[in-house]
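Take a look at the letters that make up each chain.
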Amino acid sequence: MELDALDLALLRELQNDARQTNRDLAAKTGVSPSTSLERVRLLRERGVITGYHAALDLDAAGRPVQALISVRIRPPARPVIEGFREWAARLPEVIGLFVTSGTHDFLLHIAVPDVDGVYAFVIDRLTERREVADVQTTMAYEHVQSRRIEPAAGPDRPRFTGRAR
């Protein structure tokens, strides 16, 4: 899928502020509002833009304590892995889930009100599951998350360094 300089500029601006008007988006990217509207529509249709979300401050939401929890599943069979993945993804404490290779099968990113919440999550939720063979918990002191993702540059994809024209 080819993204040109205008696509990249639109994506960058939408990631900075997805609530801006189409007129503002067009002005910031140097195109007409109709061009901006059409290109954003195409980016949605092509699956590049998958949605618009409200970012929450975890402290303000009452979940300031974060941890990364590695989980090993046994037996390592597809139905067991998929069943655990679906179950864990629905837990309200889980804000991120990775299926991984190596010693552990999953890395769960959780956010809870306090350290006791981490302990309760591990003991009351994870270790109650028969398929959970091992759990390792790492407390996160700080989480810095990129709010902007630049599509990968390739031979057919120019790297955008300035304003689109």
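Treat the numbers as computed from the prediction; the structure is a model and nothing was measured.

## Digging into the overall build of the protein chain
No. 1: The secondary structure content of the protein chain amounts to 5 helices and 4 strands.
No. 2: Of the regular secondary structure in the protein chain, the N- to C-terminal order runs α-α-α-β-α-β-β-α-β.
No. 3: Here the protein chain has a C-alpha radius of gyration of 21 Å; the compact-globule value for 165 residues is 15 Å, and the former is much larger.
No. 4: Its C-alpha atoms give the protein chain principal-axis dimensions of roughly 55 × 35 × 25 Å.
No. 5: For the protein chain, the exposed area adds up to about 10,700 Å²; of that, 51% sits on carbon and sulfur atoms.
No. 6: Of the side chains in the protein chain, 23 bear a positive and 23 a negative charge, and the two mean positions are spaced by 6 Å.

## Observations regarding the packing of helix α2 (residues 22-29) against helix α3 (residues 33-45)
A pair of packed helices is characterised by two quantities: the angle between their axes and the separation of those axes.
No. 1: Across the interface, α2 lies against α3 with an axial gap of 8 Å and an inter-helix angle of 100 degrees. Between α2 and α3, the interaxial angle falls into the category roughly perpendicular. Contacts from N22, R23, L25 and A26 in α2 reach P33, S36, L37 and V40 in α3.
No. 2: Residue composition of the contact of α2 with α3, grouped by class: 5 nonpolar, 2 polar and 1 charged.

## Topic: α2
No. 1: Looking only at α2, the buried set comprises L25, A26 and T29. End-on, the buried residues of α2 take up no more than an arc of 100 degrees, which puts them together on one face.

## Section: the nonpolar core
No. 1: Core analysis: the biggest nonpolar cluster contains 20 residues, and I69, V71, F84, L108, I110, F121 and L126 have the highest contact counts within it.
No. 2: Among the elements that make up this core, the one with the highest residue count is strand β1 (residues 65-73) (5 residues).
No. 3: Every residue in contact with V71, bar those within four places of it in the chain, is listed here: F84, H104, D105, F106, L108, L126, V132 and D134.
No. 4: Of all hydrophobic cores here, the second largest spans 12 residues; its members include L3, L8, L10 and V31.

## Regarding the sheet that holds strand β4 (residues 132-140)
No. 1: If you walk across this open sheet you meet the 4 strands as β2-β3-β1-β4, and the pairing is antiparallel. Of all strands in the sheet, those bounded by a partner on one side alone are β2 (94-99) and β4. Taking each pair of neighbouring strands and ignoring which way they run, the sheet shows an average axis angle of 20 degrees.
No. 2: Taken together, the 8 bridges between β1 and β4 define a ladder with antiparallel strand orientation. Directly across from I73, in β4, lies its bridge partner V132.

## A closer look at the layout of surface pockets
Gaps between atoms show up when a probe of the same size as a water molecule is rolled over them.
No. 1: By volume, the largest pocket amounts to about 1,400 Å³.
No. 2: H53, A55, Q145, S146 and R147 are, among the 36 residues lining the largest pocket, the residues nearest its centre.
No. 3: Sorting the residues of the lining of the largest pocket by element identifies α1 (5-16) and β2 as the ones contributing at least two each.
No. 4: Per-element accounting of the lining of the largest pocket gives the leading share, 4 residues, to α1.
No. 5: Partitioned by chemical class, the residues of the lining of the largest pocket number 18 nonpolar, 11 polar and 7 charged.

## Here we look at the pattern of salt bridges
Charged atoms that come close allow side chains of opposite charge to pair.
No. 1: Under the defined criterion, the tally for this structure stands at 10 salt bridges.
No. 2: In this structure, the salt-bridge partner of E150 is R12, at a minimum N-O distance of 2.7 Å. Taken together, the residues E150 in the segment after β4 and R12 in helix α1 connect sequence positions 138 residues apart.
No. 3: One salt bridge connects D105 with R74, and the closest N-O pair in it is separated by 3.7 Å. Here D105 is found in the loop between β2 and β3 (106-112), whereas its partner R74 is found in the loop between β1 and α4 (78-89), with 31 residues between them in sequence.
No. 4: Taking the relative accessible area as the measure of exposure, D105 reaches 13% and is therefore buried.
No. 5: What makes R74 partly exposed here is its relative accessible area of 37%.
No. 6: Connected through shared salt-bridge partners, D4, D7 and R39 make up one network.

Calculation criteria
- Residues numbered from 1 in each chain as written.
- Predicted model: local features only at pLDDT ≥ 70, side-chain atom pairs only at ≥ 80, totals over all residues.
- Heavy atoms only, no water.
- Helix = DSSP H or I, 4+ residues; strand = E, 2+ residues; numbered from the N terminus.
- Rg over C-alpha atoms; globule rule 2.2 N^0.38 Å.
- Areas by Shrake-Rupley, 256 points an atom, 1.4 Å probe, with all protein chains shown as cover.
- Lys, Arg positive; Asp, Glu negative; His and termini not counted.
- Charge placed at Lys NZ, Arg CZ, Asp CG, Glu CD.
- Axes fitted to C-alpha atoms, helices over the stretch in contact; angles between N-to-C directions.
- Parallel < 35°, antiparallel > 145°, perpendicular 65-115°, else oblique.
- Contact = heavy atoms within 4.5 Å.
- Nonpolar A, V, L, I, M, F, W, Y, C, P; charged D, E, K, R; others polar.
- Buried < 20%, exposed > 50% of the residue type's maximum accessible area, 1.4 Å probe, protein only.
- Arc of directions from axis to C-beta.
- Core = buried A, V, L, I, M, F, W, Y, C linked by side-chain atoms within 4.5 Å.
- Pairing = 2+ DSSP bridges.
- 1 Å grid on protein atoms, 1.4 Å probe; cavity = no way out; pocket = protein on both sides within 12 Å on 5 of 7 lines; lining within 4 Å.
- Points joined across faces, edges and corners; volume = space filled by probe spheres on them.
- Salt bridge = Lys/Arg side-chain N within 4 Å of Asp/Glu carboxyl O.

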